[in-house]
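Examination of the molecular architecture
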Amino acid sequence: MDYKLQVRVQSHLEQMGSLDDRSMGDLDDECLYSAEMDAQKTQSTDSNEQVSLSSSLPVAGNKMIRNGVYKSIKTVVFSNKLNLLMPFGPLAILVHKMTAHNGWVFFLSLLGITPLAERLGYATEQLAFYTGPTVGGLLNATFGNATELIISIYALKSGMIRVVQLSLLGSILSNMLLVLGCAFFCGGLVYPGKEQAFSKATAVVNSGLLLMAVMGLLFPAVLYYTHTERHAGKSELALSRFSSCIMLLAYAAYLVFQLKSQKDLYVPIGEEGSQNEQNANDDDDEAPEISKWESIIWLAIMTAWISILSDYLVDAMQGASEAWGVPISFISVILLPIIGNAAEHASAIMFAMKNKLDISLGVAIGSSTQISMFGIPFCVVIGWMMGQEMDLNFQLFETATLFITVIVVAFFLQEGTSNYFKGLMLILCYLIVAASFFVHEDTSSSGESKQPKT
C-alpha cells in the first residue's frame, strides 16, 4: 500500500510539474505577445501622430499666411481715415464707362488718387527702415513725388506737354508757398510765445538748388523770346536736354552730399549735443510696421493703381476744363498739386505743430527741390526717349512766377526762424499766384503736343 501510495503521489507530482512547466511557458509566450502588441500599438500611435502632424502643418501654414495678409491689409488700408476716399477710384472708372461726363471722371479720379499717394509714401518709408539711410534717400527721391511723375508720364504719352510743365510747376509752387506757409502758420499758433527754429544749412542748400533750377528754366525761355537761337526751333530744345542732364547730375551729387559727405550739417538746430541720444530714442520709438517684402508688394500695388487712375485723369482733364469753364492752366497748376500733395500738406503741418520744423522744411522745400531738380529734368529725358519735344521753356509768365516765388521763400528762410506771421504771408502769396493763373490765358497749345521734327 505504501509503495502504491508513493507511486501515485509521485505521478501526481509529475503531472503537476508538467502543468507548471506548460503554464510557465504559456505565461512567457503571453508576456512576449503582449510586449509585441504594446510595441505595435506604440508604433501605430506614433505613426498616426506623425501623419496628423504632417497633415496639420499645411493647415497651420495657410492659417499663418492668412493672418499675415489680414494684418498687412489692416495696417496699410484700414489704419488711415484718408483711405475712405479709395472707393472713388473704381467709381471714376465706372462713371467713365457708363457716361461721358469728363468733369465727374476727373473729380472722382482726383479723390481716388489722394489716399493712394499717401499710402505710396507710407510704403516707401517702411521700406527705408530695411535699406538704410542712403538707399532710403534714393527711394524717397524716386517715390516721394511718384504721383506727379506718373501723371506727367501719362500726359507725355498723350502728347500733353503743356499739362506736364504746368502740373510740375504747380507742385513746386504749392509746396513752397502753401505747404510751408501752413506749416509756419499752424506751428506759430501752437507756440505763440516763441519763434520756432530750423537748420540754416538745409535751407541754404535747398535755396541754392532751387535757384539753379530757375536758371535752367530761365535760359531756354530767354533764348526763345529774344529770337537769338542759332538754329531756330532746335537750339532751345538742345539746350533744355543738356541742362536737364546737368540738373540730374547735380541732384545726384546733392544726395551724396546730404546722405554721406556732410550729413552732420543736417542736425536739427539746438540738438547737436544730444544727437546720439536722440537717434537712440528715435530708434526705440520708430519701428517698421510691415515687413520688407510687404513694403515692396504694397509699393507695386499702389504704383500700378495710381498709374491706372492717372490714365483716366489725363484723358478727362480737357473735358473737365470745358465742362467747368476753368482754364486748364488753373487745373494743372492749382488743383492737381493740391490734391496730389494732400498727404504732404498734412504731414508738414503735423510736424510743425510738434515743434519738428526741420522735418516740415524737408517735406515742403525738399519736395520742391525734388520736383525742380529731378522731376522736371526726368520728364524732359523721358520725353526725349518717347520722341516728344518737351523742353525747359515754361513760357515767360510761368518762369517769372517761379523766379519770384523762389526769391520770396529764400528771404523768409534766411533767418532760420519762423512764426505764424511768416506763414500767413506765404499763404497770401499763394492766393495771389492762384488768382493770377485763374485769369491767365495760356497762349500755347494746352492739350496739343509738339510734333517731333523730322
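The residue numbering used here restarts from 1 in each chain and proceeds along that chain's sequence as written. Local features in this predicted model are restricted to residues of pLDDT 70 or higher, and side-chain atom pairs are both shown and tallied only at a pLDDT of 80 or more, whereas totals for entire chains, interfaces and linings draw on every residue. To get the side-chain values, all heavy atoms of the structure are used, and hydrogens and water are removed first.

Quick notes on helix 14 (residues 420-439)
Our working definition: Secondary structure elements follow DSSP: runs of H or I no shorter than four residues count as helices, runs of E no shorter than two count as strands, and numbering proceeds from the N terminus. Under the convention used throughout, the expected extent of a helix is 1.5 Å for every residue step, that is, one less than its residue count. To sort residues, take the accessible area from a 1.4 Å probe on protein chains only and compare it with the maximum for the residue type: under 20% means buried, over 50% means exposed, and anything in between is partly exposed. What the arc describes is the spread of directions from the helix axis to the C-beta atoms. Between two residues, a contact is recorded if the distance between any of their heavy atoms is within 4.5 Å. Under the rule applied, a polar contact is a pair of N or O atoms within 3.5 Å (in protein, one hydrogen donor and one hydrogen acceptor; residues adjacent in sequence only if both atoms are side-chain atoms).
Compared with an ideal rise of 1.5 Å per residue, which puts 20 residues at 28 Å, helix 14 spans 29 Å between its outermost C-alpha atoms and is within 8% of the ideal. The set of residues buried in helix 14 consists of Lys-422, Gly-423, Leu-426, Ile-427, Tyr-430, Val-433, Ala-434 and Phe-437. For helix 14, the arc enclosing every buried residue in end-on projection is 135°, short of the 170-degree limit, so these residues lie on one face. Residues of helix 14 that are exposed and angled more than 90 degrees away from the buried face: Leu-431, Ile-432 and Val-439. Of the surrounding elements, those touching the buried residues of helix 14 are helix 5 (161-190), helix 10 (328-340), helix 13 (396-413) and strand 2 (417-418). With a side-chain oxygen lying 3.1 Å from the backbone nitrogen of Phe-421, the N-terminal cap of helix 14 falls on Asn-419.

What to know about the environment of Thr-131
Considering the arrangement of structural elements, one finds Thr-131 in helix 3 (residues 102-143). A relative accessible area of 25% places Thr-131 in the partly exposed class. Expressed as a C-alpha distance, the spacing of Thr-131 and Lys-292, which sit 161 residues apart in the sequence, is 8.9 Å.

A few points about the packing of aromatic side chains
Spelled out, the test is: In summary, the pairing rule links any two rings of Phe, Tyr or Trp, Trp by its six-membered ring, whose centres are within 6.5 Å, and it sorts them by plane angle into stacked for under 30 degrees, edge-to-face for over 60 and tilted for everything else. By definition here, charges over rings are those cases where NZ of Lys or CZ of Arg is within 6 Å of the ring centre and within 35 degrees of the ring normal.
Scanning the model with the defined rule gives nine aromatic pairs in all. Here the aromatic rings of Phe-330 and Phe-438 are separated by 5.2 Å at their centres, their planes lie at 85°, and the arrangement is edge-to-face. Of this pair, Phe-330 sits in helix 10 while Phe-438 is found in helix 14, placing the two residues 108 residues apart along the sequence. On the basis of relative accessible area, Phe-438 is assigned to the partly exposed category, the value being 43%. Counting every residue linked through ring pairs, the aromatic cluster contains Tyr-251, Tyr-254, Phe-374 and Phe-378. Its guanidinium or amino end placed over the ring of Tyr-122, Arg-119 lies 4.2 Å from that ring's centre, counting from NZ or CZ.

Focus: the nonpolar core
Cut-off, in case you're wondering: Note on terminology: a nonpolar core comprises buried Ala, Val, Leu, Ile, Met, Phe, Trp, Tyr and Cys residues joined through side-chain atoms within 4.5 Å.
Residues Phe-106, Leu-180, Ile-365, Ile-376, Leu-402, Val-409 and Leu-413 are the most contacted members of the largest nonpolar core, which totals 97 residues. When residues of this core are assigned to their parent elements, the largest contribution, 15 residues, is made by helix 5. Sequence-distant contacts of Ile-365, that is, excluding residues within four places in its chain, are made with Met-176, Leu-180, Asn-206, Leu-210, Val-409 and Leu-413.

Notes on the packing of helix 6 (residues 200-225) against helix 12 (residues 357-386)
Just so we agree on the cut-off: Here the axes come from fitting lines to C-alpha atoms, over the contacting stretch only for helices, and the angles between their N-to-C directions go from 0 to 180 degrees. Reported orientations rely on four angle classes, namely roughly parallel under 35 degrees, roughly antiparallel over 145, roughly perpendicular from 65 to 115, and oblique for the rest. Handedness of a helix crossing follows the sense of rotation of the near helix relative to the far helix, less than a right angle counterclockwise being left-handed and clockwise being right-handed. Any residue outside Ala, Val, Leu, Ile, Met, Phe, Trp, Tyr, Cys, Pro, Asp, Glu, Lys and Arg is labelled polar, Gly included; the first ten of those are nonpolar and the last four are charged.
Helix 12 packs onto helix 6 with a crossing angle of 30° between their chain directions and a minimal axis gap of 10 Å. One way to sum up the angle between helix 6 and helix 12 is to call them roughly parallel. Between helix 6 and helix 12 lies a crossing of left-handed hand. Of the residues in helix 12, those in contact with Ala-203, Asn-206, Leu-209, Leu-210, Met-212, Ala-213 and Leu-217 of helix 6 are Leu-361, Ile-365, Gly-366, Ser-368, Thr-369, Ser-372, Met-373 and Ile-376. Taken together, the residues that form the contact of helix 6 with helix 12 break down as ten nonpolar, five polar and no charged.

Some points on the environment of Ile-150
Mapped onto the elements, Ile-150 comes out in helix 4 (residues 146-157). Residue Ile-150 is classed as buried on the basis of its relative accessible area of 11%. Between the C-alpha atoms of Ile-150 and Ile-308, which are 158 residues apart in sequence, the distance is 9.7 Å. When sequence neighbours within four positions are dropped, the list of residues in contact with Ile-150 reads Thr-303, Ile-306, Ser-307 and Ser-310.

Quick notes on the packing of helix 2 (residues 88-98) against helix 9 (residues 292-324)
Contact pair helix 2 / helix 9: the axes reach a minimum separation of 10 Å and the direction vectors enclose 35°. When you trace helix 2 past helix 9, the crossing you get is left-handed. Contacts between helix 2 and helix 9 pair Gly-89, Pro-90, Ile-93, His-96 and Lys-97 from the former with Trp-305, Ile-308, Leu-309 and Tyr-312 from the latter. Each residue belonging to the contact of helix 2 with helix 9 can be placed in one class, and the counts come to six nonpolar, two polar and one charged.

What about a nonpolar patch on the surface?
Let me state the cut-off plainly: Residues enter patches when they are more than 30% accessible in relative terms and free of salt bridges; like-charged ones are connected within 9 Å and nonpolar ones (Val, Leu, Ile, Met, Phe, Trp, Tyr) within 5 Å. Only the protein chains shown count as cover for residues, and the accessible areas themselves come from Shrake-Rupley with a 1.4 Å probe. The term salt bridge refers to a pairing of a side-chain nitrogen on Lys or Arg with a carboxyl oxygen on Asp or Glu at a separation within 4 Å.
A cluster of nonpolar side chains, namely Leu-189, Tyr-420, Phe-421, Leu-424, Leu-428 and Leu-431, defines an oily patch on the protein surface of about 570 Å² accessible area. If one sorts the elements of the nonpolar patch by residue count, helix 14 sits on top with five residues. Tyr-420 gets classed as partly exposed once you look at its relative accessible area, which sits at 42%.

Comments concerning the environment of Leu-218
Within the secondary structure, Leu-218 sits in helix 6. Measuring from C-alpha to C-alpha, the distance between Leu-218 and Leu-396 comes to 8.5 Å, with 178 residues separating the pair along the chain.

With respect to unusual backbone geometry
Negative phi values dominate among residues other than glycine, just as trans dominates among peptide bonds. Positive phi outside glycine occurs at His-227, with the angle close to 55°. With a phi angle near 65°, Asn-355 is a residue other than glycine that sits in the positive phi range. Note that Asn-355 resides in the loop between helix 11 (342-353) and helix 12.

Quick word on the confidence of the model for the chain
Close inspection of predicted coordinates is inappropriate in any region flagged by low pLDDT. Put simply, the rule is: Think of pLDDT as the predictor's per-residue confidence, scored from 0 to 100.
Here the chain shows a mean pLDDT of 78. Residues at 70 or above account for 76%. Long-range and interchain partners of residues 19-33, a stretch whose pLDDT sits below 50, account for zero contacts in this model, where long-range means more than four residues apart. Segment residues 445-454: pLDDT under 50, and 18 contacts once partners within four positions in sequence are set aside and those in other chains are kept.

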